[in-house]
Amino acid sequence: MLPTSLAVLGTGLLGQGVARRFLAGGLSVAVYNRSPAKAEPLAAIGARLSATPEGAVETSDLLLLCLSDAAAVRQTVFSEPCRPHLPGRTVCQMGTIGPDESRELAELASSLGARYLEAPVLGNGKDAEEGRAQVMIGAEPEDHQRWHPLLGLLGRCFWIGPVGKAAALKLALNQLIAAETTAFALSLGFVRRSGVPVEPFLEILRQSSLYCPTFDKKLARMRERNFASPNFSVRLLLKDIDLFLAEATRLGLRPDALEGARTIVRDAMESGRAALDYSALIDVVDPPPKSELAKDTRPI
Ligand SMILES: NC(=O)c1ccc[n+]([C@@H]2O[C@H](COP(=O)([O-])OP(=O)(O)OC[C@H]3O[C@@H](n4cnc5c(N)ncnc54)[C@H](OP(=O)(O)O)[C@@H]3O)[C@@H](O)[C@H]2O)c1
């Protein structure tokens, strides 16, 4: 059954794409963003703008959360003004948060009379907008049954298990972003500094089992050191690494390699790159020499 109305709370990079996809599907969509300017363009394509989270919640059956983290979720949909409107509605948490955080939110939702499912996404806002994201669902079977046809508009859906399981799977995938990006940046910098031409390096890599598609996705940005208009920010990557490290340690794993990647991501954050695309990690791994920065704009 498709709902008569839904709300997207958080219209940042992911939420923009999610809202646009449902609007394009002819659904009634309310949107709320803490900074109103990010939600306003959606009004032009039919979204109902809400100045407050409770305004979006009270008119919607399904509340899709595309917020930074669990703290942001608590401060919006579970804020005091929203709570009276929650009974009978379903909270669908789409951000990347920890499994324990998600289970706590599920309990909170239940105590307030709402249903809860988690539906973290692999893919960026554009992927969601174009219906080719991958959606991992952690939910009771009845909530999965009810909502997966709608979530399927965003791309392929996978039911992973009860709440917490999809959140865990999403962390397992996201630690690969840090691992693959830092490893590729290191090899790219190594090749360049060794005076080896980049093209044969790339050609051999593409033909080998070492290749990951993300290398070519980020190559142009890294070569041009163009990290504006992010697909996914350095800040949120650090958040995901920290969530993964806490969980991996609890599970008895040795995430030493990721600790190294974390240092790089943290240094990117602390050097003013928090809001940039995560391809900016190359600036930490392979810093552009200061003298060259001023006079030499040759790409890598
Ligand atoms: N971008 C991607 O490709 C992608 C893909 C899959 C999953 N994710 C996950 O999806 C979530 C959103 O990511 P994003 O890339 O869309 O991030 P983003 O562009 O930075 O957007 C974050 C959103 O959260 C809101 N927010 C943050 N703190 C808040 C608070 N305390 N109260 C109310 N609203 C708050 C922001 O509002 P303001 O605009 O007012 O700051 C914005 O709407 C994250 O968990 C991320 O890890 C992202």
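The notes below deal with the structure included here. All residue numbers refer to position in the chain's written sequence, counted from 1. Given that this is a predicted model, residues contribute local features only at a pLDDT of at least 70 and side-chain atom pairs are listed and counted only at 80 or more, while totals for whole chains, interfaces and linings are drawn from all residues. In computing side-chain properties, one takes all heavy atoms of the structure into account and sets aside hydrogens as well as water.

Before going further, it helps to examine the site of the ligand. Here a residue is near a molecule or strand as soon as one of its heavy atoms is found within 4 Å of it. Taken together, 26 residues sit near the ligand, with Asn33, Ser35, Lys38, Gln75 and Lys239 positioned nearest. The definition of a polar contact used here is a pair of N or O atoms within 3.5 Å, where within protein one atom must be able to donate a hydrogen and the other to accept one, and adjacent residues in sequence count solely through side-chain atom pairs. In the environment of the ligand, an oxygen atom lies 2.8 Å from a nitrogen or oxygen atom belonging to the backbone of serine 68. Measuring from an oxygen atom of the ligand, one finds a side-chain N or O atom of lysine 239 at 2.7 Å. Accessible surface is estimated by sampling points in the Shrake-Rupley manner with a 1.4 Å probe; for residues, cover comes only from the protein chains shown. Its free accessible area being 890 Å², the ligand has 88% of it covered by the protein chains.

What follows concerns the environment of glycine 88. With respect to the element layout, glycine 88 can be found in the loop between helix H4 (70–76) and strand E5 (90–93). Accessibility here uses a 1.4 Å probe with only protein chains present; expressed as a share of the type maximum, an area under 20% marks a residue as buried, one over 50% as exposed, and anything in between as partly exposed. Residue glycine 88 is classed as exposed on the basis of its relative accessible area of 66%. C-alpha of glycine 88 to C-alpha of alanine 114: the two residues are 26 residues apart in sequence and 5.4 Å apart in space. Here a helix means four or more residues in a row that DSSP labels H or I, a strand means two or more in a row labelled E, and each is numbered from the N terminus.

This part covers the pattern of salt bridges. A side-chain nitrogen of Lys or Arg and a carboxyl oxygen of Asp or Glu constitute a salt bridge if their distance falls within 4 Å. What the rule picks out here adds up to 22 salt bridges. Between aspartate 286 and arginine 192 there is a salt bridge, with the nearest N and O atoms lying 2.9 Å from each other. On the criterion of sequence distance, the pair formed by aspartate 286 in the loop between helix H13 (282–285) and helix H14 (290–295) and arginine 192 in helix H8 (residues 165–193) is long-range, its members being 94 residues apart. Between arginine 225 and aspartate 283 there is a salt bridge, with its nearest N and O atoms 2.6 Å apart.

Keep in mind these numbers describe shape, not what the thing actually does.
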